[in-house]
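# Fold and geometry: a report
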Amino acid sequence: MVSLEELVETYKQKFSDSKQEEQYKNEVIEPEIIKIFNEQFSKIFKNIIEIINQKLNQNVINYKSEGKNRFSIEGKFHRIIFQKGKTEIINNLVCVNIIPLCTWKGVTKHLGPISFVKDPENNRIEWDLPVGSVEVYVKTLLGKIAEDEDLCM
């Protein structure tokens, strides 16, 4: 039979380990993930949208940052919000989902999932996208919005 002291020690150790893992995640991993979300995902949307608007000499699509974990793009009838989801550490790999929600004429629907995995050992990032890269994804998505017959300029 397990003694009460052994049980208390087991819980102390679990609590201590959990607290250290959470601190590492909050102080080291999360800032890196936010940087990836903002610089390798959100910034690409912003840059391409700025180029499109400059070449057309008007704001056809608006980009709006909504904090460090979220941004939106918006046309006359479309609004797509991209929200960084929960960060998970699985087998020493950092896994992050990005949740895209599209509102079109008042109807909200989920777009296909986006995720990336970062290997902290070699700093390699792998995107799980339906197309090859984030840039291709952005151009494809903006192309689908532009082809929509309800897009008014």
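All residue numbers here refer to positions counted from 1 along the written sequence of the relevant chain. Owing to the predicted nature of the model, reporting of local features is limited to residues with pLDDT of at least 70; listing and counting of side-chain atom pairs is limited to 80 or more, with chain, interface and lining totals taken over all residues. Calculated side-chain values reflect all of the structure's heavy atoms, with hydrogen atoms and water omitted.

## Some details on the overall build of the protein chain
Spelled out, the test is: Secondary structure follows DSSP: runs of H or I at least 4 residues long count as helices, runs of E at least 2 residues long count as strands, and numbering of each begins at the N terminus. Radius of gyration here is computed from C-alpha atoms only, and the compact-globule reference equals 2.2 Å multiplied by the residue count raised to the power 0.38. Think of it in three bands: residues with accessible area under 20% of the maximum for their type are buried, residues over 50% are exposed, and the middle band is partly exposed, with areas taken using a 1.4 Å probe on protein chains only. It only takes one pair of heavy atoms within 4.5 Å for two residues to be counted as in contact. Asp and Glu count as negative and Lys and Arg as positive, but His and the ends of the chain are not part of the count. Charge positions are represented by NZ for Lys, CZ for Arg, CG for Asp and CD for Glu.
Assigned secondary structure in the protein chain consists of two helices and seven strands. The order of helices and strands in the protein chain, counted from the N terminus, is α-β-β-β-β-β-β-β-α. A compact globule built from 153 residues would reach a C-alpha radius of gyration of about 15 Å, whereas the protein chain, at 21 Å, exceeds it by more than 25%. The principal-axis extents of the C-alpha atoms in the protein chain amount to approximately 75 × 35 × 25 Å. Counting over 153 residues, the protein chain shows a buried share of 30%. If you take every contact in the protein chain between residues at least 6 apart in sequence, the share linking residues at least 24 apart comes to 46%. The distance from the centre of the 21 positive side-chain charges to the centre of the 23 negative ones in the protein chain is 7 Å.

## Overview of the environment of Gly112
On the secondary structure map, Gly112 appears in the loop between β5 (107–110) and β6 (114–119). What makes Gly112 partly exposed here is its relative accessible area of 44%. Along the backbone, Gly112 and Pro130 are 18 residues apart, and their C-alpha atoms lie at a distance of 8.2 Å.

## Some remarks on empty space enclosed by the protein
For the record, the criterion: Grid points spaced at 1 Å over the protein atoms alone were grouped into cavities, where a 1.4 Å probe fits but cannot get out, and pockets, open sets with protein on both sides within 12 Å along at least five of seven lines, with lining residues defined by an atom within 4 Å of a point. Grid points are joined across faces, edges and corners, and a volume is the space filled by probe spheres set on the points. In this classification, the charged set is Asp, Glu, Lys and Arg, the nonpolar set is Ala, Val, Leu, Ile, Met, Phe, Trp, Tyr, Cys and Pro, and all remaining amino acids, among them Gly, are polar.
Applying the stated criterion across every chain yields a total of one cavity of 30 Å³ or more. Roughly 40 Å³ of internal volume is contained in the largest cavity. What lines the largest cavity is simply Ile61, Ile73, Glu74, Gly75, His78, Arg79, Ile80 and Ile145. Sorting the residues of the lining of the largest cavity by element identifies β2 (70–74) and β3 (78–90) as the ones contributing at least two each. Along the lines of polarity and charge, the residues of the lining of the largest cavity split into four nonpolar, two polar and two charged.

## Quick notes on the nonpolar core
Our working definition: Residues grouped as a nonpolar core are buried Ala, Val, Leu, Ile, Met, Phe, Trp, Tyr and Cys residues, joined through side-chain atoms within 4.5 Å.
Ranked by size, the top nonpolar core spans 27 residues in total, and within it Phe41, Phe45, Ile73, Phe82 and Tyr137 carry the most contacts. Secondary structure elements with two or more residues in this core: α1 (4–56), β2, β3, β4 (93–104), β6 and α2 (134–147). Of all the elements, α1 adds the most residues to this core, at eight residues. If sequence neighbours within four positions are ignored, Phe45 has contacts with Tyr63, Phe71, Ile73, Phe82, Tyr137, Val138 and Leu141.

## Some points on the packing of aromatic side chains
Filter applied, for reference: Pairing of aromatic side chains here covers Phe, Tyr and the six-membered ring of Trp, requires ring centres within 6.5 Å, and sorts the geometry by plane angle: under 30 degrees stacked, over 60 edge-to-face, intermediate tilted.
Enumeration according to the criterion identifies 13 aromatic pairs in this entry. With a centroid separation of 5.6 Å and an interplanar angle of 75°, the aromatic rings of Phe41 and Phe82 are classed as edge-to-face. Of the two residues, Phe41 is situated in helix α1 and Phe82 in strand β3; the sequence distance between them amounts to 41 residues. Judged by relative accessible area, which is 0%, Phe82 ranks as buried. Ring geometry for Phe45 versus Tyr137: centroids 6.4 Å apart, planes at 75°, classification edge-to-face. Here Phe45, found in helix α1, pairs with Tyr137, found in helix α2; they are 92 residues apart in sequence, far enough to count as distant. Of the two residues, Phe45 and Tyr137, both sit in the buried class. Each member of the aromatic cluster is reached from another via a ring pair, and the members are Phe37, Phe41, Phe45, Tyr63, Phe71, Phe82, Phe116, Trp127 and Tyr137.

Geometry only, nothing functional implied.
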